[in-house]
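Residues per chain are reported as follows:
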Amino acid sequence: MIVSKKIVLHFPSRLVDQPIIYRLIKEYDLSFNILKASVIPDEEGLLVLELSGEQSNYDRGIKYLTKTGVKIQSLSQNVLRNESRCTHCGACITICPTNAFELDKISRQVIFINEKCIACGLCIKACPPRAMELHF
Amino acid sequence: MLRTIKEINEKIKLGKAVIATAEEIIDIVKKKGIPQAAKKVDIVTTGTFSPMCSSGAYFNIGHTKPRIKLGGGRVCINDVPAYTGLAASDIFIGANALPDDDPRNRLHPGEFNYGGGHVIEEIVAGKDVRLVANAYGTDCYPRKKLETWLNINDINQAVLFNPRNAYQNYNVAVNLSDKTLYTYMGILKPKLGNANFSTAGQMSPLFNDPYYKTIGIGTRLFLGGGIGYIAWWGTQHNPNVPRNDFGVPSRPAATLAFIGDLKQMNQKWLVGTSMIGYGVTLTVGIGIPIPILSDEILKFTSITDADITAPVVDYSKAYPQCNPDILAEVNYAQLKSGNISIEGKKIPTASLSSYAGAVSIANSLKQWLQDGKFLLSEPVAPIPQSGSDYHLKPLTERPIRLQ
């Protein structure tokens, strides 16, 4: 079975100079799409990936990453909506590049579809009541 | 005339008034026709929940011992400057006010995370806010410095006073240029990348009473989750604009000024708001009841999104240069479908006004009326009407030359 998941990898500073993703791809036969990457000097590296491959390879790959000391989070946990601040205006809808916001035709409320989110962060400052929060 | 406001109030007190929201009335009229619907329904409730810049609040904080004269001095609440040109212990804070050390647009686009609108939201929420004052000292008001926590429950008066809200129609903002614009109408992507609008359409108060036949000075209404009143017509009020067959203006037209006791309002309906690259403001919830005094008034309340058109304006040139040019007219049914077509291009649309919020406000107002908690008021004076000689003027500059 082929799986495809969006994950967030936190690299401790000691691992930043190692070819971890290269090994992950080569040895576990996984394919990847980089959604976001940043390295903060002396602190940590952050990589948001869409990782796909055979379930068994995927599981072994994740095991390898954990063993090396990389911290893994599922992407959907990273961009959250503070429900008490959202006014359901809709300013985010045309700003999001992956259409993760939709207006519900019946309730006219703005729905946030977590699975479509790639954590680019464009909605954070575009949201007038600042209801969108990034938690990396 | 079908009924008077006095008669409607008697029915409200008995719990017998028939109330529909501006959305529900559309279907009622479709099923029953106007005369039957007008006979049945006493009141139509409207609503709008949108960023409304010309908003603010004034406070009387009570006298200190020894006394301090804030008037003519300097006051900040949570580092946001308040206006002190009133009297010894009266201050006013505007929704657009920014802390002195806010970087504004020095690094464009500025974030504008906190300002007057947020201070008002925190005060309404019952949070303690930090007041820092410097005064010059007089014989009768000797004190020169004051630093204290302040809470809405402890001060004498806290009054929301918004000089211009509830715009009757507004521009649809687009961007013809090749760079992203950061405006009070939101982020506008280059080359007609998106279109932003900002009214609740068929739910919006002034679309349901387009000639201000029932809405006037003294009208009691839902303001910020509590009860408020129309204080005056709003600044930039402009009733003499083109209107369609339904009497609805096809350009920004009337505005209203609102006043109400902040102490009975709710932070859910007064939300501090940040417009990236533009500034801070306040998102305000307003709902106005419309008494169905005649068939004609009911007909106005049955307006639908498809019957209301708005002008599409380019915010890269026409708006900043104050040119009257418009690119097209579109209706709110098209805007709410998610796309409009301009110059042959399909453009995704988004709203800055919360339709879900507008419906919720109209339903709250309906509930208050059903519970007999809210009575209608007779307006004490009309606001300037269409056909009057009331016009909106740009500023004619007269350069000041040294003698």
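Here, the structure is the one placed above.
The text that follows walks through the structure, step by step, so that each part is easy to find. If you're wondering where the values come from, they're calculated on a predicted model, not measured in any experiment.

## Thoughts on the packing of helix 1 (residues 20-28) of chain A against helix 2 (residues 55-68) of chain A
Residue and element names in this part refer to chain A. Packing of helix 1 against helix 2 leaves a shortest axis separation of 10 Å and a crossing angle of 150°. In terms of their interaxial angle, helix 1 and helix 2 are classed as roughly antiparallel. Handedness of the helix 1/helix 2 crossing: right-handed. Residue-level contacts link Ile20, Arg23, Leu24, Glu27 and Tyr28 of helix 1 to Asn57, Arg60, Gly61, Tyr64, Leu65 and Thr68 of helix 2. Tallied by class, the residues present in the contact of helix 1 with helix 2 amount to five nonpolar, three polar and three charged.

## What to know about the layout of surface pockets
Its volume calculated, the largest pocket comes out at about 1,200 Å³. If you trace the largest pocket, you find 40 residues lining it, with Tyr167, Tyr170, Asn171, Pro252 and Tyr319 of chain B closest to the centre. When contributions to the lining of the largest pocket are tallied by element, the ones reaching two or more residues are strand 3 (48-51), strand 10 (157-165) and strand 21 (309-314) of chain B. Classifying every residue of the lining of the largest pocket gives 23 nonpolar, 13 polar and four charged. Approximately 460 Å³ is the volume attributed to the second largest pocket. Lining of the second largest pocket is provided by 26 residues; of these, Ile93, Glu102 and Leu103 of chain A together with Gly338 and Thr349 of chain B occupy positions nearest its centre. Counting only elements with at least two residues in the lining of the second largest pocket, the list comes to strand 6 (101-103) of chain A together with helix 6 (332-336) and strand 24 (345-351) of chain B.

## Observations regarding the sheet that holds strand 4 (residues 71-74) of chain A
Residues and elements named next belong to chain A. Across the sheet, four strands lie side by side as 2-3-1-4; this open sheet has antiparallel pairing. Edge positions in the open sheet fall to strand 2 (31-40) and strand 4, since each of these has one partner strand only. Looking at each pair of strands side by side, their axes are set apart by 25° on average, direction ignored. Two elements, strand 1 (residues 2-12) and strand 4, share four bridges in a ladder whose sense is antiparallel. Across the sheet, Leu9 pairs through a bridge with Ile72, a residue of strand 4. Across the sheet, helix 2 touches strand 1, strand 3 (44-54) and strand 4, and the angle it forms with strand 3 is around 160°.

## A closer look at helix 2 (residues 24-32) of chain B
For an α-helix, the turn length of 3.6 residues means that residues three or four places apart are oriented alike. All names here are of chain B. Buried within helix 2 are the following residues: Ile25, Ile26, Ile28 and Val29. Along the axis of helix 2, the buried positions cluster into a sector of 165°, meaning they face one direction only. Relative to its buried face, helix 2 has exposed residues pointing more than 90 degrees away, namely Lys30 and Lys31. On its buried face, helix 2 is in contact with strand 1 (19-21), helix 3 (34-40), strand 2 (43-45) and helix 5 (295-301). A positive backbone phi angle near 85° is found at Gly33, which sits one or two residues after helix 2.

## Some remarks on the packing of aromatic side chains
Residue and element names in this part refer to chain A. In this structure the tally under the stated criterion is 17 aromatic pairs over all chains. Ring centres 5.1 Å apart and planes at 25° place the aromatic pair Phe101 and Phe112 in the stacked group. With Phe101 in strand 6 and Phe112 in strand 7 (residues 110-112), this pair connects stretches of sequence that are eleven residues apart. On the basis of relative accessible area, Phe112 is assigned to the buried category, the value being 15%.

Scoring rules and cut-offs
Residues numbered from 1 in each chain as written. Chains lettered and ligands numbered in written order. Predicted model: local features only at pLDDT ≥ 70, side-chain atom pairs only at ≥ 80, totals over all residues. Heavy atoms only, no water. Axes fitted to C-alpha atoms, helices over the stretch in contact; angles between N-to-C directions. Helix = DSSP H or I, 4+ residues; strand = E, 2+ residues; numbered from the N terminus. Parallel < 35°, antiparallel > 145°, perpendicular 65-115°, else oblique. Left-handed = near helix turned anticlockwise from the far one by under 90°. Contact = heavy atoms within 4.5 Å. Nonpolar A, V, L, I, M, F, W, Y, C, P; charged D, E, K, R; others polar. 1 Å grid on protein atoms, 1.4 Å probe; cavity = no way out; pocket = protein on both sides within 12 Å on 5 of 7 lines; lining within 4 Å. Points joined across faces, edges and corners; volume = space filled by probe spheres on them. Pairing = 2+ DSSP bridges. Buried < 20%, exposed > 50% of the residue type's maximum accessible area, 1.4 Å probe, protein only. Arc of directions from axis to C-beta. Phe/Tyr/Trp six-rings, centres within 6.5 Å; stacked < 30°, edge-to-face > 60°.

Note that every value here comes from positions in space, so none of it alone points to a role or purpose.
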